[in-house]
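Secondary and tertiary structure notes
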There are 2 protein chains.
Amino acid sequence: MGTTQLESVTEPKYWHLRTVLSEALDSEFTVGEILPNERELAARFGVARATLRQALEQLELEGRLERRRGVGTTVAPPRTGVAVGTEQQLWPGTDDDAWQPVDSTLAAPPAAVATALATARDQAVHIVRRSRVSDGRPVAAELLYVPVASVPALASEPGAATVHAPTGAARARAVLGELQRLELQGQDRAVELGSARAEDARELDRLPGAPVLVVTTRFFAEGRTAALSVATYRADTCRLTFGASGGVEIQHGPERPAS
Amino acid sequence: MGTTQLESVTEPKYWHLRTVLSEALDSEFTVGEILPNERELAARFGVARATLRQALEQLELEGRLERRRGVGTTVAPPRTGVAVGTEQQLWPGTDDDAWQPVDSTLAAPPAAVATALATARDQAVHIVRRSRVSDGRPVAAELLYVPVASVPALASEPGAATVHAPTGAARARAVLGELQRLELQGQDRAVELGSARAEDARELDRLPGAPVLVVTTRFFAEGRTAALSVATYRADTCRLTFGASGGVEIQHGPERPAS
DNA sequence: TAGTGGTCTAGACCACGGG
DNA sequence: CCGTGGTCTAGACCACTAC
């Protein structure tokens, strides 16, 4: 039978281009190789640059290409498998959980976070920033919101902690350390698509608005939400893996070429 | 200190537009309301339509807007929480797992799938199609690959099964039923960003290339990968939830407005 | 400074949905 | 049929990187 169906519908040019380029990438290019520049590619295919760019955008979204202003377009390596859901429920910061503490502040969280934590609107919480690196590249930025009630031992005044911890990273570690005193009763995770805010984009070495996978994790203890993590992963380079296996298989999972 | 930093860098017009529109959506519009058309909006903001569209694309990606050709642009409801990772490891098709069997064929799988299943290149496998509906809207399309070795009781000839099961859905159910005879030893999950193939796009009521969340699940039994599921979720409308809680909270999780 | 990708424009035409 | 969003064009200029 075959799903060939004879193209009764008009296929957009950029979509056809995407397919052609995708096949070319598979057969005629190697990882890291740089493509001809956009103006030349557009000319070669006889389309406007905007149209060519639409096709390139698709391929970048799919993790096939990497584009850098001032440099060029290169063939991207297969996506990195990034472990997210160690089935074993653990507090963030336990052992070496691939995250690197950056700093920590005490401030009022966004409204949506306050709601999730069931704290008062203007109640300040610890905001711990962490970053995650894989293969030498930054892959994720995290904001961890910890209500002061979850880490009562910490001095409320930032000054007190700062004395012993001049760098923000140490303060972040202090919050994470205190958190582990609580007994973790459970956690909850959600994944959705988002676009990188300016700050995250900078940290992830992308432009603002770049597609990201947002992983929201709620940590429960003492019968309430004791902490909330919002982690932002580069969607173009990451494949989030859950479960036991570290997850290195299936090169182009989503591509699944026509049967 | 405040991260205000005085805009030393030039902010793209479309990004600023996105922010302005986003705030307008929060304060001046209600879910389901239709926005002015693109030409008028562009004129109102004094930009070209292409620029305005760039902003709208961002907002659509974030699940704030829904655009339909021939109809208009409407304010989207908050994303639907879609449960994915019932911690309890179960075969697909168990009970009512929110998926609806569509049909089933016996054919050679894509190369990447054959690799993951460790079957020979041209070895045919059962390909079960299922779809998932939430709130009356299609949210996901799945292809489930089942090597014949995993369901030996099924006749290899499609004809035999067809006699008792004229509709494809029944054949799909037959494969799922046979699968449950195996003892499930474990499973493995990965989530990544992809773009909808033409076929998936049609089923999800989107255009080809629309952003989707691709969930790849491997089912292990008898010491090997006994089945492989590739599920394609609409990225604009879905929030994938893992863990015990069904997951209805945090309205605009990823948005987290500037602190 | 030269070359790259990123942004933006002003227009045209097309495909689709609903009266 | 009309109005909508989707596609496409041919240009211009900007921001960044590397030499």
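All values reported here derive from a predicted model rather than from experimental measurement. (Residues numbered from 1 in each chain as written. Chains lettered and ligands numbered in written order. Predicted model: local features only at pLDDT ≥ 70, side-chain atom pairs only at ≥ 80, totals over all residues. Heavy atoms only, no water.)

**Thoughts on the packing of aromatic side chains**
Enumeration over the complete set of coordinates arrives at five aromatic pairs over all chains. The ring of W15(A) is capped by R18(A), whose NZ or CZ atom sits 4.4 Å from the centre of that ring. (Phe/Tyr/Trp six-rings, centres within 6.5 Å; stacked < 30°, edge-to-face > 60°. Lys NZ or Arg CZ within 6 Å of the ring centre and 35° of its normal.)

**Here we look at the pairing of strand β5 (residues 125-134) of chain A**
All names here are of chain A. The buried fraction of β5 is high, at eight of 10 residues. One ladder, built from eight bridges, connects strand β4 (residues 99-107) with β5; its direction is antiparallel. Pairing of P101 across the sheet is with R130, part of β5. One ladder, built from 10 bridges, connects β5 with strand β6 (residues 137-147); its direction is antiparallel. Looking at β6, one finds that R130 is bridged to E142. Between β5 and β6, which follow one another and run antiparallel, lie two residues, and D135 among them has a positive phi close to 55°. (Buried < 20%, exposed > 50% of the residue type's maximum accessible area, 1.4 Å probe, protein only. Helix = DSSP H or I, 4+ residues; strand = E, 2+ residues; numbered from the N terminus. Pairing = 2+ DSSP bridges.)

**Observations regarding the protein's contact with DNA strand D**
Surrounding DNA strand D, one finds 27 residues, the nearest of these being K13(A), T51(A), N37(B), R49(B) and R53(B). A share of 68% of the atoms of DNA strand D within 4 Å of the protein falls on sugar and phosphate groups. Within the backbone of A48(A), a nitrogen or oxygen atom sits 2.9 Å from a phosphate oxygen of DNA strand D. One of the side-chain nitrogen or oxygen atoms of N37(B) is found 2.8 Å away from a phosphate oxygen of DNA strand D. Of all elements in the fold, only α1 (13-28) and α3 (49-61) of chain A together with α2 (38-45), α3 (49-61), β1 (65-68) and β2 (72-75) of chain B reach the threshold of two or more residues within the surface near DNA strand D. (Near = heavy atom within 4 Å. Polar contact = N/O pair within 3.5 Å; in protein donor to acceptor, adjacent residues only side chain to side chain.)

**Describing the UniProt feature "domain: HTH gntR-type" (unreviewed entry) in chain A**
Per the UniProt annotation, the sites labelled "domain: HTH gntR-type" (unreviewed entry) are residues 11-78 of chain A. Taken end to end, residues 11-78 of chain A is 54% helix and 12% strand, and its two terminal C-alpha atoms sit 27 Å from one another. (UniProt positions renumbered as here; feature names shortened; annotations may be inferred.)

**A word on the pairing of β6(A)**
Two faces, one strand: in a regular strand the side chains alternate between the faces of the sheet. All names here are of chain A. By the criterion of burial, β6 is predominantly enclosed, with nine of the 11 residues buried. Bridge count for β6 against strand β9 (residues 224-234) is six bridges, and the pairing is antiparallel. Looking at β9, one finds that L143 is bridged to V230.

**Overview of the domain arrangement of chain A**
Residue and element names in this part refer to chain A. Considered domain by domain, chain A is made up of domain 1 (13-76) and domain 2 (80-251). Across the boundary between the two partners, domain 1 contributes seven residues, which contact eight residues of domain 2. The junction of domain 1 with domain 2 conceals about 490 Å² of combined surface from both sides, 35% of it contributed by carbon and sulfur atoms. Joining domain 1 to domain 2, the criterion identifies three salt bridges. Put simply, E66 and R234 hold a salt bridge, and the shortest N to O gap is 4.0 Å. At the boundary of domain 1 with domain 2, the tally comes to three residue pairs in polar contact (both at pLDDT 80 or more). (Domains from an automatic or database assignment. Contact = heavy atoms within 4.5 Å. Buried area = accessible area lost by both parts, 1.4 Å probe. Salt bridge = Lys/Arg side-chain N within 4 Å of Asp/Glu carboxyl O.)

**Describing the packing of α2(B) against α3(B)**
All names here are of chain B. Closest axis-to-axis distance for the α2/α3 pair is 9 Å, and the angle between their directions is 105°. The angle between the axes of α2 and α3 places the two elements in the roughly perpendicular class. Touching E38, R39, L41 and A42 of α2 are R49, L52, R53 and L56, all from α3. Here the residues of the contact of α2 with α3 sort into four nonpolar, no polar and four charged. (Axes fitted to C-alpha atoms, helices over the stretch in contact; angles between N-to-C directions. Parallel < 35°, antiparallel > 145°, perpendicular 65-115°, else oblique. Nonpolar A, V, L, I, M, F, W, Y, C, P; charged D, E, K, R; others polar.)

**Brief notes about the confidence of the model for chain A**
All names here are of chain A. The predicted model of chain A has a mean per-residue pLDDT of 85, with 84% of residues at 70 or higher. Low confidence marks residues 1-7, where pLDDT is under 50. Its contacts with residues over four positions away, or in another chain, come to two contacts. Within the model, pLDDT remains below 50 along residues 245-259, and this stretch shows 35 contacts once partners closer than five positions in the same chain are excluded. (pLDDT = per-residue confidence, 0-100.)

**A few points about the protein's contact with DNA strand C**
Around DNA strand C sit 27 residues in total, of which N37(A), R49(A), R53(A), K13(B) and T51(B) are the nearest. Within the backbone of E38(A), one N or O atom sits 2.9 Å away from a phosphate oxygen of DNA strand C. Backbone polar atom of A48(B) to a phosphate oxygen of DNA strand C: 2.9 Å apart, as the coordinates give it. At the level of secondary structure, the elements contributing two or more residues to the surface near DNA strand C comprise α2 (38-45), α3, β1 (65-68) and β2 (72-75) of chain A together with α1 (13-28) and α3 of chain B.

**Here we look at the pattern of salt bridges**
All names here are of chain B. Under the counting rule described, the total for this entry stands at 47 salt bridges over all chains. Across the salt bridge formed by R206 and E60, the nearest N and O atoms sit 3.1 Å from each other. Taken together, the residues span a long stretch of sequence, with R206 in the loop between α7 (198-203) and β8 (211-221) and E60 in helix α3 at a distance of 146 residues. Accessibility classification places R206 together with E60 in one group, the buried group. Two residues, E222 and R224, come together in a salt bridge whose shortest N-O distance is 3.2 Å.

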